[in-house]
Structures are given as structure tokens and as C-alpha cells.
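Each chain is listed here by its residues.
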Amino acid sequence: MIPLDIRVQADPFDYGQECGRFAKQSGRIGAVVTFCGIVRDTEAGTLQRMEIEHYPGMTERALTQIAEQAAARWDIQACTIIHRHGPMAPGDAIMMVATASPHRADAFAAADFLMDYLKSRAPFWKKEITDQGAEWVDAKDSDEAALSRW
Amino acid sequence: MKRDILYFAWLRERVGLPRETIETDATTVAELVSELAAREDRYALAFSDPGALRVALDQELTDFSAALGDAREIAFFPPMTGG
């Protein structure tokens, strides 16, 4: 089993530091792909904060299953998923994934797969708070449709 | 049988609580939803469009036709929006 580092946390994380550490692993690793999701402001710039709710227990379980599926399909040597919950400000890092593999194609594909599955299968819910009030973010049909790519 | 029912996101807000333990004879998710929706207006409103909801039995996603079996924890929530 390859090293899976799955963290669900309220605390912020340092994306640069995580990427640096992840890229320093030794072994059959020739490529690292990382992705970071960030709290996006509204077009009018009115977002005060975002709150992310999750389902403790199921979240960790779902993320582990998704990472294990990726590891079974592609030659990845390491995988990190960090996802925050709780209140966040515009520009804050919400989550990241990192994959390491001997060659880049597997690292890219695995990271893309992780993101598609994480969006629709891991129990997180986003709520946007603006000066107009609070609103739950609707799931996009395109996110569900993206799963059929795999 | 006693089951823990969990609600998340806007469903939790509409029902007005995050979890409760209920005694139910329902054998499938769909039966449980009908039973819950018949309880009070806030439940009826929360479950008015089950097609817009997702369900997990003991933390595994499933569908509304699934048998409850021995599941201890049944969670209802809107489609997920992580990432």
C-alpha cells in the first residue's frame, strides 16, 4: 500500500510548505502534480466568508476510498488530500491534492480523478455568506456528469 | 428498531436539528423518508423533493430503494459540494 496522507481539519494549511515536503519524497517518483482549491469571491466582491460543513467519520472514509481507487488505477507512489471545514475567508486555501508517480501522465490523471470524485462523493457542503445573507452552494450537474469520464 | 438519523446542510436547517434517535419499523430508506415526512410540517418541507437528496447508511452512500438492514446510522443530505 502506498502512503496515503488524508487530513480533514479546521486549521489552515500552508500549500507551499505541503507541496515542498511532498515533492521531496524519494523512490520511484519522477513527477508530482498538486492542486489547490481556493475560496472564490463573488463577481461583485461581496463574499464575507465561506463555511464548510462535513460529516465527521464519513468524510475521512470517503476520501480514503477515493484515494485507494486512484491508487488501484494509476501508478501513483504517494497521495495527499487535505480538506478544511469551518469558516474561511476569500482567498483562503480550502483543500489540496497531491499525487506522485514515476511519470507525469499517471500523476495528472490520478489528481484529476481525485478532484472529480471528491467534489461529488465526499460529504462536504459549502455555504456562502455575503451582505445579502447566507446561501448554500448548489451542486452543479456538470460535477456529477464529470464522473462518467472515468 | 432504534436508528440514529443525521441531517446535514440545508436539510439540517429545515429539520431544525443535526441528529436524533428514532424508533421505526421502516425497512427501506424510502419507507423511512415517508415516515419522517409524515411527522411534522418541517419534515414534510425538508423531504418534499427526495430526488434532491442523498442518503448514506452507516457512512456509505446508497440510494432510496436500499434496505435499511442493520444500519445504525442513517444520514440525509443535499448533493455534496466539496473541493
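Let us look at the structure shown here. (Residues numbered from 1 in each chain as written. Chains lettered and ligands numbered in written order. Predicted model: local features only at pLDDT ≥ 70, side-chain atom pairs only at ≥ 80, totals over all residues. Heavy atoms only, no water.)

1. Section: unusual backbone geometry
Residues and elements named next belong to chain B. Residue Ala9 is not a glycine yet carries a positive backbone phi of 55°. Counting through the fold element by element, Ala9 comes out in helix H1 (residues 9-15). When its relative accessible area of 1% is taken as the criterion, Ala9 is described as buried. Despite not being glycine, Gln59 has its phi angle at roughly 70°, a positive value. Structurally, the position occupied by Gln59 is in the loop between strand E3 (54-57) and strand E4 (60-62). (Helix = DSSP H or I, 4+ residues; strand = E, 2+ residues; numbered from the N terminus. Buried < 20%, exposed > 50% of the residue type's maximum accessible area, 1.4 Å probe, protein only.)

2. A closer look at the nonpolar core
The biggest cluster of nonpolar side chains holds 34 residues, and the ones touching the most others in it are Phe47 and Phe76 of chain B. Of all the secondary structure elements, the ones that give two or more residues to this core are strand E1 (2-7), H1, helix H2 (29-37), helix H3 (41-46), E3 and strand E5 (73-77) of chain B. Ile66, Met95, Ala122 and Leu147 of chain A belong to the second largest nonpolar core, which has 32 residues in total. (Core = buried A, V, L, I, M, F, W, Y, C linked by side-chain atoms within 4.5 Å.)

3. Comments concerning the interface of chain B and chain A
At the junction of the two partners, chain B supplies 21 residues and chain A supplies 27 residues. Across the interface of chain B and chain A, roughly 2000 Å² is buried in total on both sides, 54% from carbon and sulfur atoms. When the buried area of chain B at its contact with chain A is split by residue, Met80, Thr81 and Gly83 of chain B rank highest and sum to 35% of it. For the interface between chain B and chain A, the tally reads three salt bridges. In this structure, Lys127 of chain A and Glu13 of chain B form a salt bridge, with 2.5 Å as the shortest nitrogen-oxygen distance. Linking chain B with chain A are 15 residue pairs in polar contact (both at pLDDT 80 or more), by the criterion used here. Elements with a minimum of two residues in the side of chain B that touches chain A: H1, E3, E4 and E5 of chain B. (Contact = heavy atoms within 4.5 Å. Buried area = accessible area lost by both parts, 1.4 Å probe. Salt bridge = Lys/Arg side-chain N within 4 Å of Asp/Glu carboxyl O. Polar contact = N/O pair within 3.5 Å; in protein donor to acceptor, adjacent residues only side chain to side chain.)

4. A look at the pairing of strand E6 (residues 93-101) of chain A
All names here are of chain A. The buried fraction of E6 is high, at nine of nine residues. Alignment of strand E2 (residues 31-38) against E6, held across eight bridges, turns out to be antiparallel. Residue pairing across strands places Val33 opposite Thr99, the latter belonging to E6. Bridging between strand E4 (residues 78-84) and E6 involves six bridges; their strand directions are antiparallel. From the neighbouring strand, Thr80 faces E6, where its bridge partner is Ala98. (Pairing = 2+ DSSP bridges.)

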